[in-house]
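Here are the chains, one letter per residue:
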Amino acid sequence: MAISQISRIFLAILLLAAAFAAAPAALADGDDVVALTESTFEKEVGKDRGALVEFYAPWCGHCKKLAPEYERLGASFKKAKSVLIAKVDCDEHKSLCSKYGVSGYPTIQWFPKGSLEPKKYEGQRTAEALAEFLNTEGGTNVKLATIPSSVVVLTPETFDSIVLDETKDVLVEFYAPWCGHCKSLAPTYEKVASVFKLDEGVVIANLDADKHRDLAEKYGVSGFPTLKFFPKGNKAGEDYDGDRDLVDFVKFINEKSGTSRDTKGQLTSEAGRIASLDVLAKEFLGASGDKRKEVLSSMEEEADKLSGSAARHGKVYVTIAKKILEKGNEYTEKETKRLDRILEKVGNAYLARCLMKHPLLGQLTVQI
């Protein structure tokens, strides 16, 4: 087996390990609102259940404001077999939106059971109003679910123990309940918290600075919302001056905390990867005999320098290298096949998501 192929397999095992770390998020965070496309629309709508469809654009401010209400609606009705809660991205599927007369965003339409002739929803864009509409049109009796927040609510009693924890990177929003900009930020901030909720070293929190003015003034807060980041190495705090959209928040946390999340909370292809250990891993695979042992020692030294989630990933590198040293290069092929079998038991759909998310795994399935 060529060294280049072994390297790919070695790294693929690392990515599989990262995929297992992400499994709870991938399996728990299934979208309760079904995303429809031009190819799936008529397979889902106009069949044996009524469908409420939001036609939206990702850049639309009103759509962003509606998002948490619509997601709450989807979570509440996901077990209602007679009703489908769905959405269509009109930036991606323009012809589909044009077909149904969509000229502004968001447009919400109700498709009765067995019909592709929609009725436009003209009511308030709240989960309560939408649920009432659905219960009337769909003949259901569903009560709205309460979706727990992933944002940690701070008080003067808990602030120091959470924010000043040297083992955590903490982003804090200082807000006021009456602040319009704070209300606009709320759904995005909730999504940021949801993205990082499984990362033990990251906390997304907020403080009612109107209620706890002394604490807010201590950190120089004079306007709302004020966002401050308290990294492990600087508990004095530093201002967050980036854009206030989900993409920029996620990018900021990933860069500052060494995490590897996308905007849906899934691991990226860089998850579990340590650049310095990647270099040593390739050197290890290209060496033999005593030289391979020397490189392993270097890997152990490098891994010992890491902290937090990076330290856990570093241990994976060292563990795999030791196994290869003990059992030979064939270990990587056997281990990858073993992990593949486990993933198949978890589910083919999840395995497909892993392959799509991690290009090296896709290459791996072709080469082995």
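Residues numbered from 1 in each chain as written. Predicted model: local features only at pLDDT ≥ 70, side-chain atom pairs only at ≥ 80, totals over all residues. Heavy atoms only, no water.

Novice: Explain the overall build of the chain residue by residue, including any values.
Specialist: Counting secondary structure elements, the chain contains 15 helices and ten strands. In the chain, the share of contacts with a sequence separation of at least 24, taken over all contacts with a separation of at least 6, comes to 72%. Surface summary for the chain: the accessible area is close to 19,000 Å², and the carbon and sulfur share equals 50%. (Helix = DSSP H or I, 4+ residues; strand = E, 2+ residues; numbered from the N terminus. Contact = heavy atoms within 4.5 Å. Areas by Shrake-Rupley, 256 points an atom, 1.4 Å probe, with all protein chains shown as cover.)

Novice: Account for the sheet that holds strand S1 (residues 34-36), with residues named and values stated.
Specialist: In space, the five strands of this open sheet follow the order S1-S3-S2-S4-S5, with mixed pairing throughout. Strand pairing shows two members of the sheet lacking a second neighbour, S1 and strand S5 (119-120), which therefore form its edges. Inspection of the sheet shows strand S2 (residues 50-56) paired to strand S3 (residues 83-89) by seven bridges, in the parallel sense. In the strand pairing of S3, phenylalanine 55 is matched with valine 88. Contacting S2, S3, strand S4 (107-111) and S5, helix H5 (residues 127-138) runs over the sheet at an angle of about 20° to S4. (Pairing = 2+ DSSP bridges. Axes fitted to C-alpha atoms, helices over the stretch in contact; angles between N-to-C directions.)

Novice: Any chance you could break down the pairing of S4 for me, citing the residues and the numbers?
Specialist: The buried fraction of S4 amounts to five of the five residues, a majority that puts the element mostly inside the structure. By the alternation rule, side chains of S4 split into Thr107, Gln109 and Phe111 and Ile108 and Trp110, which are all buried. Relative to S4, S2 runs antiparallel, the two sharing five bridges. The residue bridging valine 53 from the neighbouring strand is glutamine 109, located in S4. (Buried < 20%, exposed > 50% of the residue type's maximum accessible area, 1.4 Å probe, protein only.)

Novice: Which residues make up the packing of helix H7 (residues 180-195) against helix H9 (residues 246-257), and what values do they have?
Specialist: Between H7 and H9, the least distance of the axes is 10 Å, while the angle of their chain directions is 35°. The crossing of H7 and H9 is right-handed. Across from Leu185, Thr188, Lys191, Val192 and Val195 in H7, the residues of H9 making contact are Leu246, Phe249 and Val250. Residue composition of the contact of H7 with H9, by class: six nonpolar, one polar and one charged. (Left-handed = near helix turned anticlockwise from the far one by under 90°. Nonpolar A, V, L, I, M, F, W, Y, C, P; charged D, E, K, R; others polar.)

Novice: Can you explain the sheet that holds strand S9 (residues 226-230)? Please cite residues and give values.
Specialist: With respect to topology, five strands assemble into an open sheet ordered S6-S8-S7-S9-S10, the strand pairing being mixed. Across the chains shown, the open sheet's two edge strands, defined by having one partner strand only, are strand S6 (152-154) and strand S10 (238-239). Where strand S7 (residues 169-175) lies against S9, five bridges are found, and the strand directions are antiparallel. Bridged to leucine 171 within S9 is phenylalanine 229. Sheet strands touched by H9: S7, strand S8 (202-208), S9 and S10. Its angle to S9, the strand with the most contacts, is close to 20°.

Novice: Which residues make up the pairing of S8, and what values do they have?
Specialist: The buried fraction of S8 is high, at seven of seven residues. The alternating pattern of S8 places Val202, Ile204, Asn206 and Asp208 on one face and Val203, Ala205 and Leu207 on the opposite face, and all of these are buried. For S6 and S8, the ladder comprises three bridges, and the chain directions are parallel. Paired with valine 153 across the strands is asparagine 206, a residue of S8. Of the pairings in the sheet, the one linking S7 to S8 comprises seven bridges and is parallel in character. Counterpart to valine 170 in the pairing with S8 is valine 203. Handedness of the crossover is the feature at issue here: the chain leaves S7, passes through H7, returns alongside S8, and the resulting connection is right-handed. (Right-handed = clockwise from strand over helix to strand, strands pointing away.)

Novice: Could you give me a rundown of the packing of helix H10 (residues 275-286) against helix H11 (residues 289-304), with the residues and numbers involved?
Specialist: Across the interface, H10 lies against H11 with an axial gap of 9 Å and an inter-helix angle of 165°. In this view, H10 runs roughly antiparallel relative to H11, as classed from their interaxial angle. Where H10 crosses over H11, the handedness of that crossing is left-handed. Residue-level inspection shows Ser276, Leu277, Leu280, Ala281, Glu283, Phe284 and Leu285 of H10 in contact with H11, the latter providing Lys291, Arg292, Val295, Leu296, Ser298, Met299, Glu302 and Ala303. Grouping the constituent residues of the contact of H10 with H11 by class yields nine nonpolar, two polar and four charged. (Parallel < 35°, antiparallel > 145°, perpendicular 65-115°, else oblique.)

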